Amino acid sequence: MRRCIALLAAALSLSLAAAPAAAIDAPTLRAIVDGDTDARVAALHAAVSTGDATLAPVLQAMLDDELKFDEAHVWRVHDGQASDAVTGAAATLPDEAQDVMVNNRLRGEAQAALAALRLQAPDAAVRAKAIATLRDAPDESQLAIVDAALARETDPALKGQLRLLKAATLVASPDRAKRLQAAGLLATGDDPATRALLGERLGPRGESDPEVRAQLRSALAAVDAHLAAGERLGVLFTGVSLGSILLLVALGLAISYGLMGVINMAHGELMMIGAYTTAVVQDLFRAHLPAGAFDFYIVAAVPASFLAAAFVGAVLERSVIRWLYGRPLETLLATWGISLVLIQAVRTVFGAQNVRVENPSWLSGGLPVMSNLVLPYNRLAIIAFAVLVLCGVALLIARTRLGLFVRAVTQNRRMAACVGVDTARVDTQAFALGAGIAGLAGCALSQVGNVGPDLGQTYIVDAFMVVVLGGVGQLAGAVVAALGLGVLSKLLEGVAGAVLAKIMVLVLIVVFIQKRPQGLFALKGRSAEA
Amino acid sequence: MKATRRFAIRLTALAVGAAIVGTVTTAQAADTIKVGILHSLSGTMAISETALKDTALMTIEEINAKGGVLGRKLEPVVVDPASNWPLFAEKARQLVTQDKVAVVFGCWTSVSRKSVLPVFEQNDGLLFYPVQYEGEELSRNVFYTGAAPNQQAIPAVEYLMSKDGGSATRFVLLGTDYVYPRTTNKILRAFLHSKGVADADIMEEYTPFGHSDYQSIIAKIRKFASEGKKTAVVSTINGDSNVPFYKELGNQGLKATDVPVVAFSVGEEELRGVDTKPLVGHLAAWNYFMSIKNPTNSAFIKAWKAYAEAKGLPGQKDKPLTNDPMEATYIGMHMWAQAVEKAGSTDTDKVIAAMSGQTFKAPDGFTITMDEKNHHLHKPVFIGEVRADGQFNVVWKTPGPIKAQPWSPFIPENKDKKDEPAAK
């Protein structure tokens, strides 16, 4: 790579001045796509050194796994259409054509070559990407093209990036003064690649000069300070993300257990029903609607999973739970039995294996916030969704007629009945609402985890933990407990690992409940049931 | 009243009839050889093990179509141990003592194998275990048709350290928290020490079974990778946790050219349903890939496709996928059938004796041999990179099959261990 980029730089300056470069020929390309990796890399370097712009699309095709070859030819297969990779003429692919093998090393080399070719692209975004790629593996041979690009560059942000790239290429230079200067410049870096580079230079096989070492060390401290902010924000984000999932999982339970006092062991299975509904909606979209609509299946899946789970909840309440009000032990056993029935039913209908739920493309990938912090879209979406559901539930309880009735029945069932509230109906509605929210949680979970018959079992303990910790009967308690548990789990996970963190959280909760059985937020004054 | 009596008589007649039919079926069953299949069809391991059950059934059909073994048809007995380790032992006992099966094909995780091991040793049963594992075990009642560490883990790490593999000098050993990842990582740590990698350059991290939140693990890997040059991740995550792990890896944009992840328990089947476009270049080490081109493999894939379509296997019927443990199941069962033919009996001792030196032309393109002594196969090693379509590109392979070392030379206590199981 070193030599190749140096040559490329020379070639580029030549080609700018002189005649257009010759197009890539078949034997050259043939040598790049097949043979020993070292030989292929050498062939790639030789080809790039001609500064041939026609190489770029071919390299891109190779990176996209679109190239095939046989004894003498290389073909490009794009959307099922084969063409000669050199001339671009349409061709038929012979049966014995082989796929071009690209391993990580070749991929890295090809990406660096492409980036070098793209440093002079007119589009600033393309240049920025090219600089970022080159910064992943900087070396001194890039200096010439970096200098050329620096002289050309007008965008101040990109100029800064290029200076950093230049510093990165110079930090291993034999010239002590250059190294010293580079080390100073690198202190402004704020990405993991710079951190790794500095770490390597400070390692046993790196810098030997004490003055440069000191400079490198202070640069490392500066970069670390930049990165630390990203790391802290990262922990906070993962905590909030886990918290939002816990909140969604617990909100439904906060209504059925918190407000109505029903220990609903089948709550997890109601979530599972929501998740399976999402899977079914997804399959229906794939089977019956055009491909473009698939990305929006989730829009239909949200209400569908709410309705499906709410319906099952209503049936449960009417058929089983309403006979058991005020008998917590029986409720617990009955709902546990129901949960087993639901799991087995799902196994019979959908099979015991997990079902596939694909993320819509707009929920794949992430939002790069800082150089070492990428926020995945699906997690961002779930946080937003949790906030929406929370607001919805809070408004429903505080502002609507149903909410008023629910509160009335919770606080004093007999008095409510006396003033004409149909308490049985309110019970059914409230329970169905809790179940529906569980369904929404299941829909959200399908985007981050696996959807299988056991989905509910993994979350039921967490759900009860949140509700009990927050204080039974309190939405605000559930919010604080969910976020607190989420952030605490992630903090501990960072220190002690996932297995120990889980144990520590459980122990902490047990200790907390011992000290404060009523949870974080207790109902003040006379409790309704007491 | 009359009606009731008539009903009772009818019921008795029916029961008697059923009893007769029942005896007839048992009489027929005596002409078959029973084969136990012990794979989780539910729970966290179902993602991997269900396909092995179906492969075993397909192979039984294949053998029966050619006339069975010793002129008798094979009769599968399928049980579901539900990813529950004690249940594995119970179901194994049921297969061996009640159903009296001649042989059992089963288990994926090492913890399940460890839990059924005493059952097979006490009752002198025969288990064929089709998955790569950590070694450190050699039972005369078990044939290991998956890879030992020197046939998978060690070559994979050697590849990561090579120029083509990215010259990695720092390693994250990431696994599910049980015996296989812990032992493999112990061997790998000793191996890395022998290559001059310091403890400070190794990070070991475990998650529980079924873990689904890999955000902080990925953040940790990112941080560790930024602390020095060229980090690689060695993943021994098992079961359906792999789906959220790879999803998170893709979403957080950790690219294979920066930090390659090599996995030992992730194949074509586990990546079904994961968007593999952001994962291109991440690696897996196995002794077989579906993408290997040779006539035996084409025939194997064709047979599997036909079977999946005929049986309407969920998922497989639309997109049939084969993988390494499926191949190992296939090889194991054929070798067992050959050994039974050779021994002229299904007697455990005779079959064990007949197994040594068995050969089979396998879908990996080589004629695979069962070692004379150590109950392991001589297997070729392939390292593949994930492609955008969920298949693997073979980027490195051994010239031919290599002998298994169940006792890793990198664990000092293994120095005096014998390369064959203790006699009964």
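Please refer to the structure higher up on the page.
The rules we used
- Residues numbered from 1 in each chain as written.
- Chains lettered and ligands numbered in written order.
- Predicted model: local features only at pLDDT ≥ 70, side-chain atom pairs only at ≥ 80, totals over all residues.
- Heavy atoms only, no water.
- Helix = DSSP H or I, 4+ residues; strand = E, 2+ residues; numbered from the N terminus.
- Expected span 1.5 Å × (residues − 1).
- Buried < 20%, exposed > 50% of the residue type's maximum accessible area, 1.4 Å probe, protein only.
- Contact = heavy atoms within 4.5 Å.
- Axes fitted to C-alpha atoms, helices over the stretch in contact; angles between N-to-C directions.
- Parallel < 35°, antiparallel > 145°, perpendicular 65-115°, else oblique.
- Nonpolar A, V, L, I, M, F, W, Y, C, P; charged D, E, K, R; others polar.
- Salt bridge = Lys/Arg side-chain N within 4 Å of Asp/Glu carboxyl O.
- Buried area = accessible area lost by both parts, 1.4 Å probe.
- Polar contact = N/O pair within 3.5 Å; in protein donor to acceptor, adjacent residues only side chain to side chain.
- Pairing = 2+ DSSP bridges.
- Left-handed = near helix turned anticlockwise from the far one by under 90°.
- 1 Å grid on protein atoms, 1.4 Å probe; cavity = no way out; pocket = protein on both sides within 12 Å on 5 of 7 lines; lining within 4 Å.
- Points joined across faces, edges and corners; volume = space filled by probe spheres on them.

K.L.:
Is there a simple way to explain helix α19 (residues 455-470) of chain A in this structure?
P.N.:
Residues and elements named next belong to chain A. A rise of 1.5 Å per residue sets the reference length of α19, with its 16 residues, at 22 Å; its end C-alpha atoms lie 23 Å apart and thus fit the reference within 8%. Among the residues of α19, those classed as buried are Leu455, Gly456, Tyr459, Ile460, Asp462, Ala463, Phe464, Met465, Val466, Val467, Leu469 and Gly470. As for α19, its buried residues are in contact with α11 (210-259), α12 (267-288), α18 (423-445), α20 (475-496) and α21 (498-515). Phi turns positive, to about 105 degrees, at glycine 471, one or two residues after α19.

K.L.:
For this particular structure, what's the right way to read the side chain of Ser345(B)?
P.N.:
Residue placement: Ser345(B) occurs in the loop between α10 (324-343) and α11 (348-355). On the basis of relative accessible area, Ser345(B) is assigned to the buried category, the value being 15%.

K.L.:
Please explain the packing of helix α3 (residues 37-49) of chain A against helix α5 (residues 104-118) of chain A as it appears in this structure.
P.N.:
In helix packing, the relevant descriptors are the interaxial angle and the interaxial distance, both defined with respect to the helix axes. All names here are of chain A. Where α3 meets α5, the closest approach of the two axes is 11 Å, and the angle between their N-to-C directions is 5 degrees. One way to sum up the angle between α3 and α5 is to call them roughly parallel. On the side of α3, the interface is formed by Thr37, Asp38, Arg40, Val41, Leu44, His45 and Val48, while α5 contributes Arg105, Leu106, Glu109, Ala110 and Ala113. Across the contact of α3 with α5, the residue classes tally to six nonpolar, two polar and four charged.

K.L.:
Looking at this structure, how should I read the environment of Gln215(A)?
P.N.:
All names here are of chain A. Relative to the elements of secondary structure, glutamine 215 occurs in helix α11. According to the relative accessible area criterion, glutamine 215 is partly exposed, its value standing at 28%. With 28 residues separating them along the chain, glutamine 215 and alanine 187 place their C-alpha atoms 8.9 Å apart. Excluding residues that lie within four positions of it along the chain, glutamine 215 makes contacts with Leu180, Ala183 and Gly184.

K.L.:
Sorry if this is basic, but what is going on with the pattern of salt bridges here?
P.N.:
Two side chains carrying opposite charge are able to pair once their charged atoms lie near each other. Residues and elements named next belong to chain A. Going through the model one piece at a time under the given rule, you end up with 42 salt bridges over all chains. Its salt-bridge partner being aspartate 38, residue arginine 105 comes within 2.8 Å of it at the nearest N-O pair. With arginine 105 in helix α5 and aspartate 38 in helix α3, this pair connects stretches of sequence that are 67 residues apart. Since its relative accessible area comes to 40%, aspartate 38 is described here as partly exposed.

K.L.:
It is not clear to me how the interface of chain B and chain A should be interpreted in this structure. Could you clarify?
P.N.:
It is common to give the size of an interface as the accessible area lost on bringing the parts into contact. Opposite the 50 residues of chain B that make contact, chain A presents 53 residues. Roughly 4200 Å² is buried in total at the junction of chain B and chain A, and carbon and sulfur atoms are behind 44% of that figure. At the junction of chain B with chain A, the criterion picks out six salt bridges. A salt bridge links Arg105(A) to Asp164(B); the shortest N-O distance between them is 2.7 Å. Seen at the junction of chain B and chain A, the total is 18 residue pairs in polar contact (both at pLDDT 80 or more). Secondary-structure elements contributing two or more residues to the side of chain B that touches chain A are α2 (46-65), β7 (202-207), α7 (215-225), α8 (242-251) and β15 (392-397) of chain B. At six residues, α7(B) tops the list of elements feeding residues into the side of chain B that touches chain A. For the side of chain B that touches chain A, the class distribution of residues is 15 nonpolar, 17 polar and 18 charged.

K.L.:
Looking at this structure, I do not really get the sheet that holds strand β3 (residues 81-84) of chain A. What am I missing?
P.N.:
Strand pairing within a sheet occurs via backbone hydrogen bonds; the two strands may be parallel or antiparallel. Residue and element names in this part refer to chain A. With antiparallel pairing, four strands are arranged side by side in an open sheet as β3-β2-β1-β4. One side of each edge strand has no neighbouring strand; the edge strands of this open sheet are β3 and β4 (98-99). Where strand β1 (residues 67-69) meets β4, two bridges bridge the pair, whose relative direction is antiparallel. Bridge pairing links lysine 68 to aspartate 99 in β4.

K.L.:
Can you walk me through the packing of α12(A) against helix α14 (residues 328-350) of chain A in this structure?
P.N.:
Residues and elements named next belong to chain A. Between α12 and α14, whose axes approach to 10 Å, the crossing angle comes to 20 degrees. What the angle tells us is that α12 and α14 run roughly parallel. Of the two possible hands of crossing, α12 and α14 adopt the one that is left-handed. Mapping the contact onto sequence places Glu269, Met272, Ile273, Tyr276 and Val280 in α12 and Ser339, Leu342, Ile343, Val346 and Phe350 in α14.

K.L.:
What exactly am I supposed to notice about the sheet that holds strand β10 (residues 283-286) of chain B here?
P.N.:
Residues and elements named next belong to chain B. Read from one edge of the open sheet, seven strands run β7-β6-β8-β9-β10-β14-β15, paired in mixed fashion. Every other strand in the sheet has two partners, leaving β7 and β15 as the edge strands with one partner each. Along the sheet, successive strands turn relative to each other by an average axial angle of 25 degrees, direction set aside. Bridge count for strand β9 (residues 261-263) against β10 is two bridges, and the pairing is parallel.

K.L.:
Honestly, empty space enclosed by the protein in this entry has me stumped. Any pointers?
P.N.:
If you roll a probe as big as a water molecule over the atoms, it shows you where there is empty space left. Summed over the entire model, instances satisfying the criterion amount to one cavity of 30 Å³ or more. Here the largest cavity is characterised by a volume of approximately 60 Å³. What lines the largest cavity is simply Arg135(A), Pro138(A), Leu164(A), Ala168(A), Leu186(A), Ala193(A), Thr194(A), Leu197(A) and Lys229(B). Looking at the lining of the largest cavity, the elements with two or more residues in it are α8 (156-170) and α10 (192-202) of chain A. A per-element tally of the lining of the largest cavity places α10(A) first, with three residues. Split into classes, the residues belonging to the lining of the largest cavity amount to six nonpolar, one polar and two charged.

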